[in-house]
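Descriptive analysis of the structure
This is what each chain is made of:
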Amino acid sequence: MTDNNRVFIFDTTLRDGEQSPGATMSHAEKLEIAAMLDEMGVDIIEAGFPIASEGDFAAVSEIARQSRNSVVCGLARAQIPDIDRCWEAVKHARRPRIHTFIGTSPLHRAIPNLDMDQMAERIEQTVTHARNLCDNVQWSPMDATRTEHDYLCRVVEIAIKCGATTINIPDTVGYTAPRESADLIRMLLERVPGADNIIFATHCHNDLGMATANSLAAVEAGARQVECTINGLGERAGNTALEEVVMALRVRHDIMPFDTGIDTTKIMGLSRRVAQVSGFPVQFNKAIVGKNAFLHESGIHQDGVLKNVETFEIMKPADIGLNETNIAMGKHSGRAALRAKLADLGYEVGDNQLKDIFVRFKALADRKKEVYDEDIVALVQDATANT
Ligand code: KIV
Ligand code: ZN
């Protein structure tokens, strides 16, 4: 790799994100989201799990054909038929990748009933097979954060020797914490022969609300691929949110000097479209893309923002492609905000009229959760008619 500060963004909205119960997307919707991700500068799109269904196979194949810039990746279990099916789908891409995985923690090893040696052998066979088909192979020890360290080092070394070019370290159940997430990557980089010739990825789930922090900690320790989804969509509490990692790296570049290739002005459009097609609305106070993320309602905040937007905003709405007003009119709003809102709506009012409209506005705001522009226009008309 040339630029050691470049962090690759691996989006798995269409695979891990779509695994959220009820988030199934249609074929056309998947192609549309993939095109938007490609356009936004996502480095790798995980387009689906080709052996899972005919629909997934068709979507991954079509996304592979249509993608212009992004690497297109498909998921496969550590089984030869899975890997072959995955290759059949991704091979159409200009830059295909096979992502194969197996659960390596004691709990996960018990499921296929493989002992440590048998599992190591399976990893050797399947990674070698994938690498014979495709020169871009990602391997994941699922539940890595609950796998014994010695065994994790052993299997990561095998995967690297068999040709994996990216090693992903999943925190499958959202169990790790930032310091541990960093220590794990550091330990692998120090102990595994060949580790400095591959990319380590971090793949976090948000069960304890730490997915973004864990991903950033892993990056600081040397991971150079972050796996994430738009809006943090994903099973249970979801995956690391793409928009949070990308904006954190941008806003706090002073202390985390890492670059992504993402055009951040595309974030809001993607967030809204993913919410629509997945049927998963974004919580109002969600970082970066929530409806309230840039809205100020209290009088003190509104006044501050009107005087100098940086008093209460650490990033500009336009940076994420949001070109809407950042002032929410409600019962906490002050006179300065009302005057600014009126000016926005084309009304220049004198002090006495403002006083009158403000009294009416407060009475309305006490009854109504949100006061819309139309409400304010009605208040002005009312006030004018009664003077
Ligand atoms: O969370 C996880 O472990 C996964 C793997 C398939 C990478 O999604
Ligand atoms: Zn996952």
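Residues numbered from 1 in each chain as written. Chains lettered and ligands numbered in written order. Predicted model: local features only at pLDDT ≥ 70, side-chain atom pairs only at ≥ 80, totals over all residues.

**Description of the overall build of the protein chain**
Counting its regular elements, the protein chain contains 14 helices and eight strands. Taken over the C-alpha atoms alone, the protein chain extends approximately 85 × 40 × 40 Å along its principal axes. The buried share among the 387 residues of the protein chain stands at 45%. (Helix = DSSP H or I, 4+ residues; strand = E, 2+ residues; numbered from the N terminus. Buried ≥ 20, exposed ≤ 12 C-beta atoms within 10 Å, placed from the backbone.)

**Focus on the site of ligand 1**
For ligand 1, the full set of nearby residues is Asp16, Phe101, Ser140, Met142, Asn168, Pro170, Thr172, His203 and His205. Put simply, the parts of the chain that give the shell around ligand 1 at least two residues each are strand S5 (137-142) and strand S6 (166-171). When grouped by side-chain class, the residues that make up the shell around ligand 1 number three nonpolar, five polar and one charged. (Near = placed C-beta within 6 Å. Nonpolar A, V, L, I, M, F, W, Y, C, P; charged D, E, K, R; others polar.)

**Here we look at the confidence of the model for the protein chain**
Across the protein chain, the average pLDDT comes to 95, with 99% of residues at or above 70. Highest mean pLDDT in the protein chain belongs to S5 (99); lowest belongs to helix H11 (residues 299-307) (85). The complex prediction reports pTM at 0.91, with the ipTM value standing at 0.99. (pLDDT = per-residue confidence, 0-100.)

**Overview of unusual backbone geometry**
One can expect most non-glycine residues to show negative phi and most peptide bonds to be in trans. Its identity as a non-glycine residue notwithstanding, Asn231 has a phi of 65°, on the positive side. Judged by the 28 C-beta atoms lying within 10 Å of it, Asn231 is buried. Its identity is not glycine, yet Ile288 carries a phi of approximately 70°, on the positive side. Tracing the backbone shows Ile288 in the loop between helix H10 (267-278) and H11.

**A few points about the pairing of S6**
With respect to burial, S6 is a largely interior element, six of its six residues being buried. What you see with S6 is no split at all: Thr166, Asn168 and Pro170 on one side and Ile167, Ile169 and Asp171 on the other are buried throughout. Taken together, the two bridges between S5 and S6 define a ladder with parallel strand orientation. Each residue of the ladder has a partner; that of Trp139, found in S6, is Ile167. Note that the unit made of S5, helix H6 (residues 149-161) and S6 has a crossover that is right-handed. For S6 and strand S7 (residues 199-204), the ladder comprises six bridges, and the chain directions are parallel. Bridging across to S7, Asn168 finds its partner in Ala201. Running through helix H7 (residues 178-191), the crossover from S6 to the neighbouring parallel element S7 is right-handed. (Pairing = 2+ DSSP bridges. Right-handed = clockwise from strand over helix to strand, strands pointing away.)

**Side note on the pairing of strand S8 (residues 225-228)**
What you see with S8 is no split at all: Gln225 and Glu227 on one side and Val226 and Cys228 on the other are buried throughout. As defined by bridge partners, strand S1 (residues 8-11) adjoins S8 across four bridges and the pair is classed as parallel. Bridge pairing links Phe8 to Gln225 in S8. Bridge analysis of S7 against S8 gives three bridges, and the strand direction is parallel. Note that in S8 the partner of His203 across the bridge is Glu227. In the classification by handedness, the crossover that spans S7, the intervening helix H8 (residues 211-221) and the parallel S8 is right-handed.

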